[in-house]
Every structure is written in C-alpha cells, then in structure tokens.
Amino acid sequence: MASLPGNELFQVELIEAEACLSRLPAEWDGLKLLHLSDFHFHGVPDRAWFAAIIGRCNQWEPDLVALTGDIADSPRHHRWILPLLGRLRARHGAFAILGNHDYYLEEPEMVRRRLLQVVI
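*Asks:* Any chance you could break down the overall build of the chain for me, citing the residues and the numbers?
*Replies:* Within the chain, the regular secondary structure consists of four helices and three strands. Starting at the N terminus and ending at the C terminus, the chain contains elements arranged as β-α-β-α-β-α-α. Expressed along its principal axes, the backbone C-alpha trace of the chain runs to roughly 45 × 35 × 25 Å. Considering only intrachain contacts with a sequence separation of at least 6, the fraction spanning at least 24 residues in the chain is 87%. Counting only carbon and sulfur atoms, one obtains 53% of the accessible surface of the chain, whose full area is about 8200 Å². Charge centroids of the chain, computed over 12 positive and 16 negative side chains, lie 8 Å from each other.

*Asks:* So what about the pattern of salt bridges? Which residues, and what values?
*Replies:* Enumeration according to the criterion identifies three salt bridges in this entry. Measuring nitrogen to oxygen at the nearest pair gives 3.6 Å for the salt bridge that ties Glu61 to Arg91. One end of the pair, Glu61, is in the loop between α1 (47-58) and β2 (64-68); the other, Arg91, is in the loop between α2 (81-85) and β3 (94-97), and 30 residues separate them in sequence. Given a relative accessible area of 47%, Glu61 falls into the partly exposed group. One salt bridge in this structure joins Glu109 and Arg112, with 2.3 Å as the shortest N-O distance. Taken together, the residues Glu109 and Arg112, both in helix α4 (residues 108-117) and three residues apart, mark about one turn of the helix. For Glu109, a relative accessible area of 43% translates into the label partly exposed.

*Asks:* Which residues make up the packing of aromatic side chains, and what values do they have?
*Replies:* Pairs of aromatic rings are described using the distance from one ring centre to the other and the angle between the two planes. Applying the stated criterion across every chain yields a total of six aromatic pairs. Between Phe41 and Phe50 the ring centres are 4.8 Å apart and the planes differ by 80°, which places this aromatic pair in the edge-to-face class. Given a relative accessible area of 0%, Phe41 falls into the buried group.

*Asks:* Give me the sheet that holds β3: which residues, what numbers.
*Replies:* Read from one edge to the other, the open sheet built from three strands follows the order β1-β2-β3, with strand pairing classed as parallel. Two strands bound the open sheet, and with one partner strand each, they are β1 (33-36) and β3. Strand-to-strand twist across the sheet, computed as the mean angle between neighbouring axes with direction ignored, equals 10°. In terms of strand pairing, β2 meets β3 through four bridges, oriented parallel. Across the sheet, the residue bridging to Ala66 is Phe95, located in β3.

*Asks:* With reference to specific residues and values, describe α4.
*Replies:* By the burial criterion, the buried members of α4 are Pro108, Met110, Val111 and Leu115. Buried residues of α4, seen end-on, are gathered within an arc of 160° and therefore sit on one face of the element. Contacts from the buried residues of α4 go to β2, α2, β3 and α3 (100-104).

Rules and cut-offs
Residues numbered from 1 in each chain as written. Predicted model: local features only at pLDDT ≥ 70, side-chain atom pairs only at ≥ 80, totals over all residues. Heavy atoms only, no water. Helix = DSSP H or I, 4+ residues; strand = E, 2+ residues; numbered from the N terminus. Contact = heavy atoms within 4.5 Å. Areas by Shrake-Rupley, 256 points an atom, 1.4 Å probe, with all protein chains shown as cover. Lys, Arg positive; Asp, Glu negative; His and termini not counted. Charge placed at Lys NZ, Arg CZ, Asp CG, Glu CD. Salt bridge = Lys/Arg side-chain N within 4 Å of Asp/Glu carboxyl O. Buried < 20%, exposed > 50% of the residue type's maximum accessible area, 1.4 Å probe, protein only. Phe/Tyr/Trp six-rings, centres within 6.5 Å; stacked < 30°, edge-to-face > 60°. Pairing = 2+ DSSP bridges. Axes fitted to C-alpha atoms, helices over the stretch in contact; angles between N-to-C directions. Arc of directions from axis to C-beta.

Okay, here's the thing in structure tokens:
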C-alpha cells in the first residue's frame, strides 16, 4: 500500500513558523511548541525511521509537545509508543489526544495508557 498513488507514508514535513499573538502573556514570548500528528505506527516505516525523526524533533529543543492523534494503526503497535515517543524531550511537558485511527483498534484505552506512561 505504501506505493499507491497519493500515499504520503514517507513524507515528513518539518516546518518552523513564528506566530505573533498579541493577547498572549509576555512570559510566553519565544515559547517553542512542537506539534506531531499522524504517526500511524503499524510497522512501515520501521521503528528506526521514527526514532530518527524524533531525534530531529528533539534538536529543536521544544518547550511543549502536542501529539494530535492517529498514533497507532494496529493492535500490536501501541507497544511502540513508550520506546519511541518516550524519547521526546520538552522543557514544560506534553499534551496528547487520540485520533480516529486510535479508536479503530477497538482498544483506545491501551493507546491512552501508553501515552500517559511517556515521560517528557
């Protein structure tokens, strides 16, 4: 399926953007937020590929990490959450929500428990 037209399996976008929001507290000036989404852990790409991406993300030295859903795509790949996402580093912590693919597993609580074990 990775070779199907339109598949973006190996496409990674690393985008740095600056937002100027006048109503935020002055203490938040320069705050770095790392937003990660749609990992779809299912075996392809392999764990080493994801580890390399997470290593690149850590080089940005984010203050906060936001994980926004679609973490695992198979009943056994929730086991990748702790060893991979546990490598993320952020000065002030992380937030995560589940996506629709996390519910397709019929075990969203397992994904949620694994995410709660990630210490950032």
